[in-house]
Each structure stands twice: as structure tokens, then as C-alpha cells.
Amino acid sequence: MAYHTIILEIADSVALLTLNRPDKLNAVVGAMHEELREALTSVESEARALIITGAGRGFCAGQDLSERRFAETDRPNLGRGLESNYNPLIRRLRALPMPVIAAVNGVAAGAGMSLALAADIVLAARSATFIQAFAKLGLVPDAGSSYWLPRLVGPARAMALAMLAEPLPAEKAETWGLIWKCVDDDALMDEAGKMARHLASQSTHGLALIKRAMNASFDNSLDSQLDLERDLQRVAGWSEDYREGVAAFLEKRPANFHGR
Ligand code: T3D
């Protein structure tokens, strides 16, 4: 498939997916959803780590509002777009059996912020900002934002971010625990690349199981989580990667993982 709204590059088991509508701050159009679906299928079969970033000065400005011009009498069903496009995208990223890094190069607004928060690790350029733009349109946080915000920054900050829709600078996002780290603008892609190459060389089988454990923990009791850890550890223990990790430790040599 030829891509028009994204760029997908895969090298050395690392996929770099760039949202590519820079003059619209990479706002999401229907075609982008289709291309993302196709790209993630390639990523799943060819890569062991994924970086998502944006072309130009923005990361992603959320839904392209030029696709949302309505006549006075229209009664748009925004739930349908979420059901068929955004929700499957977020679910897919959370379930992708490899680490997903968001390299937030500039403004991440609306569903663009939700997309960043769906990554496993969020790195942001110091000049980047995060905006819960939904309230300005009379909408509610979607694509996972209302799930992540209270969990990551607590209910007080989550509510004010959602209602005030003020830009949250990357440094504050780091201090508040919304993201992993904020780095100098010109260091962002180097840092993201280094991190992705490192992760891709690790036990990606084990990292995928870590994702499953962490994803489930918010909704589980301690008892259920202990049961889940037992089950996932059983699966981890059957992997080639585990054997290799133990052998490498005992032989005092670097491990050579294959993600199996
Ligand atoms: O509809 C559904 O399916 C429900 C799902 C909704 C999910 C959502 O994401 S709702 C939220 C949608 N996003 C927004 O409301 C954000 C709108 N954008 C902005 O508020 C601002 O652009 C930013 C704060 C993000 C950045 O401001 P600034 O001053 O740095 O840039 P700008 O000049 O506003 O934008 C640059 C260009 O990008 C400009 O185009 P132009 O005039 O040069 O041709 C602007 O119109 C365009 N752009 C930015 N965001 C969007 C957009 N075009 C369409 N849709 C956008 N979301």
C-alpha cells in the first residue's frame, strides 16, 4: 500500500511511523486511519519496537475538523467514528506485542494527545505541549484520554486539564508523571531511536508480557493481579528468551535475544 498521510520506515527491527500532514499539524483524517491499520500490520510482522512521531512542528492535532463540517440539520454520530477508527487504533497499540514509544515533537492536541498517551513510553521535546482540546468543541476526552489522565496525574489535575483545555508544557507533563521524559528538541529523535534499538534488542517476548501485566493492573484486585503474574510468568518461563537471559548471566556474556 502506498502511504499518503503517514511514512513508515522499518530498519534493524525498529519501525518509525511518522504522521505526515505537517501543514495541518498531522490532524487525523479517515485515510490516515486506513493507512495506520495497514502500517501496524507490517509493524507487527517486521519490527520489534515502534516509534510514533509527527512530521514538521506538530505531533498530532487530533481529529481533522475540516472533515466535520455539518449542515444545520445534521445529527452526526461521533460515536461511530470512535467505534470504527480511534478505539481500535488505541486498543491495537496497547496490545501490540512490542514496546511503543511516542516521540512527541510538538503539540499533541485532542485525540493526538490520546494517541501519545497510548504509547508505552512517551518522550517529548521540551517545546512540545499537550492539550485536551475537546472541551473547546463541547466534546469529551476520547481515544483513551479520560482513562489515562486520572490514572497518570490524579483526578484533580485530570479534571482541570480536561475542562480548561490549556496547553500543558512537556516539562510539567514530565514532573506530573504524565510522560516518561522531556528532552531537548534536537535530541528527541536520537533519544527515541536509541531507546527503540535498545528495546528491540531485548527480550521483546518478555516486554510484550510486561505490557499485558501493566495494562491489566488498573482494573484488577491484588489477588487477580497476582494470578495474572503467575500465568504470564509461566509463559515467560517457556520462552527461548528466558533461557538465553539466564545462560547469558551465568556465562557472564551479553544476551542475544530473538523475541521468542
Ligand atoms: O470527530 C470525531 O470523530 C470525534 C473525535 C474527536 C477527537 C478529537 O481529536 S477532537 C479535537 C480536535 N482537535 C482540536 O480541536 C485542535 C484544533 N487545533 C488547535 O487548537 C490548534 O491548531 C493547536 C493548539 C493544536 C495548534 O495551534 P497553532 O497556533 O500552533 O497552529 P494553527 O495555526 O492553529 O494550526 C496550523 C494549521 O493546522 C492551520 O491550518 P492553516 O490555517 O494554516 O491552513 C490549522 O487550521 C490546522 N489545524 C490544526 N489543528 C487542526 C487543523 N486542521 C484541521 N483539524 C485540526 N484538528
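Please refer to the structure placed before this passage.
Residues numbered from 1 in each chain as written. Predicted model: local features only at pLDDT ≥ 70, side-chain atom pairs only at ≥ 80, totals over all residues. Heavy atoms only, no water.

A. Up close: the overall build of the protein chain. For the protein chain, the count of helices and strands is ten helices and ten strands. Rg of the C-alpha trace for the protein chain: 19 Å, near the compact-globule value of 18 Å for 260 residues, within the 12% margin. Structurally, the protein chain occupies a C-alpha span of about 70 × 45 × 35 Å along its principal axes. Evaluated residue by residue, the protein chain yields a buried proportion of 45% over its 260 residues. For the protein chain, the exposed surface amounts to about 13700 Å²; the carbon and sulfur share of it is 55%. (Helix = DSSP H or I, 4+ residues; strand = E, 2+ residues; numbered from the N terminus. Rg over C-alpha atoms; globule rule 2.2 N^0.38 Å. Buried < 20%, exposed > 50% of the residue type's maximum accessible area, 1.4 Å probe, protein only. Areas by Shrake-Rupley, 256 points an atom, 1.4 Å probe, with all protein chains shown as cover.)

B. A look at the sheet that holds strand S6 (residues 107-109). The strand order S4-S6-S8-S9 describes an open sheet built from four strands, whose pairing is mixed. Edge positions in the open sheet fall to strand S4 (58-60) and strand S9 (168-169), since each of these has one partner strand only. Alignment of strand S8 (residues 129-131) against S9, held across two bridges, turns out to be antiparallel. Note that in S9 the partner of Thr 129 across the bridge is Pro 169. (Pairing = 2+ DSSP bridges.)

C. Geometry of the site of the ligand. Lys 24, Gln 63, Leu 65, Arg 68 and Ala 111 are the nearest of the 21 residues found near the ligand. Between the ligand and the protein, one listed contact pairs an oxygen atom with a side-chain N or O atom of Lys 24 at 2.5 Å. Burial of the ligand by the protein amounts to 66% of the accessible area it has alone, namely 1100 Å². Residues that form the shell around the ligand fall into these classes: twelve nonpolar, three polar and six charged. (Near = heavy atom within 4 Å. Polar contact = N/O pair within 3.5 Å; in protein donor to acceptor, adjacent residues only side chain to side chain. Nonpolar A, V, L, I, M, F, W, Y, C, P; charged D, E, K, R; others polar.)

D. Quick peek at the pattern of salt bridges. Counted by the stated rule, this structure contains 14 salt bridges. One network of salt bridges, with partners in common, ties together Asp 227, Arg 230, Asp 231 and Arg 234. (Salt bridge = Lys/Arg side-chain N within 4 Å of Asp/Glu carboxyl O.)

E. Expanded view of unusual backbone geometry. Phi at Ser 13 takes a positive value of approximately 70°, unusual for a residue other than glycine. Checked against the element boundaries, Ser 13 lands in the loop between strand S1 (6-11) and strand S2 (14-19). Positive phi values are uncommon outside glycine, yet Asn 26 reaches one of about 60°. Tracing the backbone through its elements, the reader meets Asn 26 in the loop between S2 and helix H1 (30-46). Under the relative-accessibility criterion, Asn 26 is labelled buried at 0%.

F. Seen up close, helix H10 (residues 240-250). Where H10 is concerned, the buried positions are Asp 241, Glu 244 and Ala 248. Considered in projection along H10, the buried side chains sweep an arc of 65° and stay on one side of the axis. Turned more than 90 degrees from where H10 packs its buried face, Arg 243, Phe 249 and Leu 250 sit exposed. Where H10 is buried, its residues touch helix H8 (204-217). Note on H10: the residue one or two positions beyond its end, Lys 252, has a positive phi of about 50°. (Arc of directions from axis to C-beta. Contact = heavy atoms within 4.5 Å.)

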